[in-house]
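# Chains, contacts and geometry: an overview
Read off the chains here:
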Amino acid sequence: MSEWDHHIVNVDIVKVDEHAGENGSRKRRQQEAESCEDYLQLSIEKHLDNADTLRSILQHQRGVHYLQGYLPDVGDHHHPIDAATFRRSVPLSCYDDYADYINQLADGHNYSVDHDPRHILSVDPLDCFFYSSGTSTMKPKLIPYFDSALSKAASQIAHQGSAAVLRRISDSVHVIHASYAIGLIKALRVLESKWEQLCDDLEKGSPCAEIKDVQMRDSVVEVLGGPQPDMSIRFRSIFETKDWSGILHKLWSNVRYIKCVTTGSMKQYYSKLKYYAGEVPLVGGDYFSSECCVAINLDIKQPPDQTRFVMLPTAAYFEFLPFDSAENNVVGEETVDVCGAEIGKMYEVVVTTYRGFYRYRLGDIVRVAGFYNSSPLLEFVMRAPKTSYEIVTEGDLMAAMETFQLVLRNTMSMGMAIEIMEFTSSTDFGSSPKRLKIFIEPKDCDTSLQYKLQESIVLLGECCYSLEEGLGSMYKVQRNKGDISPLSVSILKCGSFDRLLKLATENGTPASQYKSPKVI
């Protein structure tokens, strides 16, 4: 694998409609947007209690072996299962509860002599499998994709609503789209370091020898359609200024917006992406998981701190497991439904989907910020802690690193400015007492920077003190009691986190879906 290959991510420059600027087309798009939004509102209002969705799922999946183990009467048409009975009888689940079933389906083996393998988790035919992002474990989850007409209908509502929101802000013809902000950031960082080679490749009309992937080489050659000397000259004149502020607008002046997820762990890339975007609006993505659609973002121009997602009651049956931020853990196993969610409180999201997951813990912590009509408005807070022994949350670490970078900029002189590219953390339970370790990869971490860091060890130490102070109440309480050793901060070599990406993709994670873990 070449140096270029493990940087590859999917970043699309999409041309929507060549005639989108015409008055008639603009009016038509506006009407379509209003129609889709009206349909979305009607869907939300029609399913206020979310129980209709559960009844639909249980009626359709009544022959599923997984459910029959907990609900013997689920197949009886004369005894419908209500939400209270379902929640009382079927336990909360996580991926490990499905792993054996999924592996058996993947191997083509029957669960038992008496059961059709297609009915282990769903009565619908198994279409294919796909991998999740693997954020939590560095090993992606194998997700079965059942050909469910009900699920497709629910997804269509979500995507129609999302498309309607986009039409409201622009009827323009060009957009830049990436699944997550990290994908676009990585592409732009590669561009910063490889722009000269790119210009050379444009001039000759084919990629350099470093690109080993045959299909990619052929695709690039086909798209270019021969040497592009004029484009090469224009790009080179832009890059040679060494001014990367607004580079996306400079390169593609007709791009009207950039769309990607910037909430959760993607928040750290938002300011850098705004720097690259310049005048081009940066719009947020929706809240879709590997297992199902969860919610859509109706106000996509808001920054991550102010992003709210409207939960879609037709997408799945949703429950909320109360989460105590002080204890860094969920509170028991008693859930509340959509109607029982309270404004201001934090919860882990639990879903029952059309595609074979029942009372499944997504591992996402959200805060209920309000309601859109009668559907919860959600703020994405963080990924749930992997264990109750974690001494810092993803949210605490993100907030502390944000403060740390501000202190770095204010403390270091102009010649010593350090930009943090990536970071993560882990707890060393082998130390006595246990110790939190934070790993940081600065930009341009070459020999000269290492020399500068040695010169500025006192200033760096002061900055690390501010980092520890920002790690949240749970960490501070244990630190003050002497249950935690002093914080350890390690400066990593350039490319360290790229090797994590390479490891994840080798394990099956799609590069476009990769999210760098914050708590290992």
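On a predicted model such as this, the values are computed, not experimentally measured, just so you know.

### What to know about the overall build of the protein
Check the secondary structure of the protein and you find 16 helices and 18 strands. Expressed as a percentage of the 520 residues in the protein, the buried residues total 48%. If you sum the accessible surface of the protein, you get close to 24,700 Å²; carbon and sulfur atoms cover 50% of it.

### Considerations on the nonpolar core
Core analysis: the largest hydrophobic core is formed by 60 residues, its most contacted members being Phe-86, Leu-121, Tyr-287 and Phe-318. The residues contacting Tyr-287, other than those within four sequence positions of it, are Cys-293, Val-294, Ala-295, Phe-309, Val-349, Leu-362, Asp-364, Val-366, Leu-378 and Phe-380. The next biggest cluster of nonpolar side chains, apart from the first, holds 35 residues, and it includes Leu-184, Trp-244, Leu-501 and Ala-504.

### Here we look at helix α2 (residues 51-60)
Among the residues of α2, Ala-51, Thr-53, Leu-54, Ile-57 and Leu-58 are the ones counted as buried. Down the axis of α2, the smallest arc covering the buried residues is 155°, so these residues share one side.

### Describing the sheet that holds strand β16 (residues 420-428)
With mixed pairing, three strands are arranged side by side in an open sheet as β16-β17-β18. Edge positions in the sheet fall to β16 and β18 (488-491), since each of these pairs with one other strand and no more. Ignoring strand direction, the axes of neighbouring strands in this sheet form an average angle of 20°. As judged from the four bridges shared by strand β17 (residues 435-442) and β18, these two strands associate in the parallel manner. The residue bridging Lys-437 from the neighbouring strand is Ser-488, located in β18.

### Comments concerning the state of the cysteines
Note on terminology: a disulfide is the covalent bond linking the sulfur atoms of two cysteines. Taken as a whole, this structure holds zero disulfides when the rule is applied. With no disulfide of its own, Cys-292 lies closest to Cys-293 among cysteine sulfurs, the gap being 6.9 Å. With relative accessibility at 10%, the residue Cys-293 sits in the buried group.

### Examining the environment of Leu-202
Tracing the chain through its elements places Leu-202 in helix α7 (residues 181-204). For Leu-202, a relative accessible area of 7% gives the class buried. Setting aside anything within four residues of it in sequence, one finds Leu-202 in contact with Leu-224, Pro-227, Gln-228, Pro-229, Met-231, Ser-232 and Phe-235.

### Description of unusual backbone geometry
In this chain, Ser-432 is followed by Pro-433 through a cis amide linkage whose omega measures -5°. In this structure, Pro-433 sits in the loop between β16 and β17. Notably, Lys-242 is not glycine yet its phi reads approximately 60°, a positive angle. With respect to the secondary-structure elements, Lys-242 resides in the loop between α9 (229-239) and α10 (247-251). One non-glycine residue with positive phi stands out, namely Arg-359, at about 50°. Positionally, Arg-359 belongs in the loop between β13 (346-352) and β14 (360-372).

### Overview of the pattern of salt bridges
On inspection of all chains with the given rule, the structure shows 21 salt bridges. For the salt bridge of Asp-498 with Lys-186, the shortest nitrogen-to-oxygen distance reads 3.0 Å. In this pair, Asp-498 is assigned in helix α16 (residues 496-506) and Lys-186 in helix α7, connecting sequence segments 312 residues apart. For the pair Asp-498 and Lys-186, a shared accessibility class is recorded, and that class is buried. Three or more residues joined by partner-sharing salt bridges are found here, namely Arg-87, Glu-319, Asp-337 and Arg-359.

### Some words on the environment of Ile-365
Counting through the fold element by element, Ile-365 comes out in strand β14. Ile-365 sits in the buried class, given a relative accessible area of 0%. Separated by 30 residues in the primary sequence, Ile-365 and Gly-395 place their C-alpha atoms 9.9 Å from one another. Once you skip the residues sitting within four places of it in the chain, Ile-365 turns out to touch Phe-323, Met-346, Tyr-347, Glu-348, Glu-379, Phe-380, Val-381, Met-382, Arg-383 and Ala-384.

### Looking at the packing of α7 against helix α11 (residues 270-277)
Running from amino to carboxyl end, α7 crosses α11 at an angle of 55°, the nearest separation of the two axes being 10 Å. Looking at the two axes, α7 sits oblique to α11. As α7 runs across α11, the sense of the crossing is left-handed. Residue-level inspection shows Ala-181, Leu-184, Ile-185, Leu-188, Arg-189 and Glu-192 of α7 in contact with α11, the latter providing Lys-272, Leu-273 and Tyr-276.

### Some words on the confidence of the model for the protein
Per-residue confidence for the protein gives a mean pLDDT of 81; residues scoring 70 or more make up 80%. The weakest mean pLDDT in the protein belongs to strand β1 (residues 11-15) at 51; the strongest belongs to β13 at 96. Contacts of residues 1-9 to residues separated by more than four positions or lying in other chains number 25 contacts, the stretch itself having pLDDT below 50. Within the model, the stretch residues 15-24 combines pLDDT values under 50 with 19 contacts to residues more than four positions away or in other chains.

### Describing the packing of α7 against α9
It is at 8 Å that the axes of α7 and α9 come closest, and there the two elements cross at 155°. Relative to α9, α7 is oriented roughly antiparallel. Handedness of the α7/α9 crossing: left-handed. Every residue of α9 that contacts α7 at Leu-191, Trp-195, Glu-196, Leu-198, Cys-199, Asp-200, Leu-202 and Glu-203 is listed here: Pro-229, Met-231, Ser-232, Phe-235, Arg-236 and Phe-239.

Rules of the game
Residues numbered from 1 in each chain as written. Predicted model: local features only at pLDDT ≥ 70, side-chain atom pairs only at ≥ 80, totals over all residues. Heavy atoms only, no water. Helix = DSSP H or I, 4+ residues; strand = E, 2+ residues; numbered from the N terminus. Buried < 20%, exposed > 50% of the residue type's maximum accessible area, 1.4 Å probe, protein only. Areas by Shrake-Rupley, 256 points an atom, 1.4 Å probe, with all protein chains shown as cover. Core = buried A, V, L, I, M, F, W, Y, C linked by side-chain atoms within 4.5 Å. Contact = heavy atoms within 4.5 Å. Arc of directions from axis to C-beta. Pairing = 2+ DSSP bridges. Axes fitted to C-alpha atoms, helices over the stretch in contact; angles between N-to-C directions. Disulfide = S-S within 2.5 Å. Salt bridge = Lys/Arg side-chain N within 4 Å of Asp/Glu carboxyl O. Parallel < 35°, antiparallel > 145°, perpendicular 65-115°, else oblique. Left-handed = near helix turned anticlockwise from the far one by under 90°. pLDDT = per-residue confidence, 0-100.

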